[in-house]
Amino acid sequence: MAAEPFQPDSWRPSSMPMPASGLWSRVREARLLRVLAVYLGVSWLILQVTSLFIQAFDLPKWFLPAAVLLLLIGLVVISATA
């Protein structure tokens, strides 16, 4: 006798509905991962250019941490609005 095929939701009681929208579905719908990947790539490039400018123009030492802080604030804004 053949075994029945596995049903992923067979363990869930019928009185317990499956959540319609979870965090992962929202992330996929909003394409948040793609936006974050592009933002992180561009941020890395900005930090590289900033590092070159600090050396070339003899900018103060606080300039790079300030750039990182601004990029982190931008990351929060982009994550919330994407």
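The model shown is predicted, which means the values in this text are computed figures rather than measured ones. (Residues numbered from 1 in each chain as written. Predicted model: local features only at pLDDT ≥ 70, side-chain atom pairs only at ≥ 80, totals over all residues. Heavy atoms only, no water.)

Where empty space is left in the structure can be found by rolling a water-sized probe over the atoms. Scanning the entire structure with this criterion turns up one cavity of 30 Å³ or more. Looking at the largest cavity, its volume works out to about 30 Å³. Considering the residues around the largest cavity, the lining is formed by Arg26, Val27, Ala30, Leu32, Ser79 and Ala82. Per element, the largest residue contribution to the lining of the largest cavity is three residues, and it comes from helix 1 (residues 23–30). Within the lining of the largest cavity, the residues separate by chemical class into four nonpolar, one polar and one charged. (1 Å grid on protein atoms, 1.4 Å probe; cavity = no way out; pocket = protein on both sides within 12 Å on 5 of 7 lines; lining within 4 Å. Points joined across faces, edges and corners; volume = space filled by probe spheres on them. Helix = DSSP H or I, 4+ residues; strand = E, 2+ residues; numbered from the N terminus. Nonpolar A, V, L, I, M, F, W, Y, C, P; charged D, E, K, R; others polar.)

This part covers unusual backbone geometry. Phi at Asp58 is positive, roughly 50°, even though this residue is not glycine. For Asp58, the location among the structural elements is in the loop between helix 2 (32–57) and helix 3 (63–81). Given the relative accessible area of 69%, Asp58 is considered exposed. (Buried < 20%, exposed > 50% of the residue type's maximum accessible area, 1.4 Å probe, protein only.)

Here we take up the packing of aromatic side chains. Tallied over the full model, the rule gives two aromatic pairs. Centre to centre, the rings of Phe53 and Phe57 are 5.5 Å apart; their planes meet at 55°, and the pair counts as tilted. Of the two residues, Phe53 and Phe57 both sit in helix 2, four residues apart, roughly one turn of that helix. Seen from their ring centres, Trp62 and Phe63 are 5.9 Å apart, and the 55° between their planes marks the pair as tilted. (Phe/Tyr/Trp six-rings, centres within 6.5 Å; stacked < 30°, edge-to-face > 60°.)

Let us look at the environment of Leu59. Relative to the elements of secondary structure, Leu59 occurs in the loop between helix 2 and helix 3. The exposure class assigned to Leu59 is partly exposed, which follows from its relative accessible area of 27%. Leu59 has contacts with Phe53 and Ile54, leaving out every residue within four places of it along the chain. (Contact = heavy atoms within 4.5 Å.)

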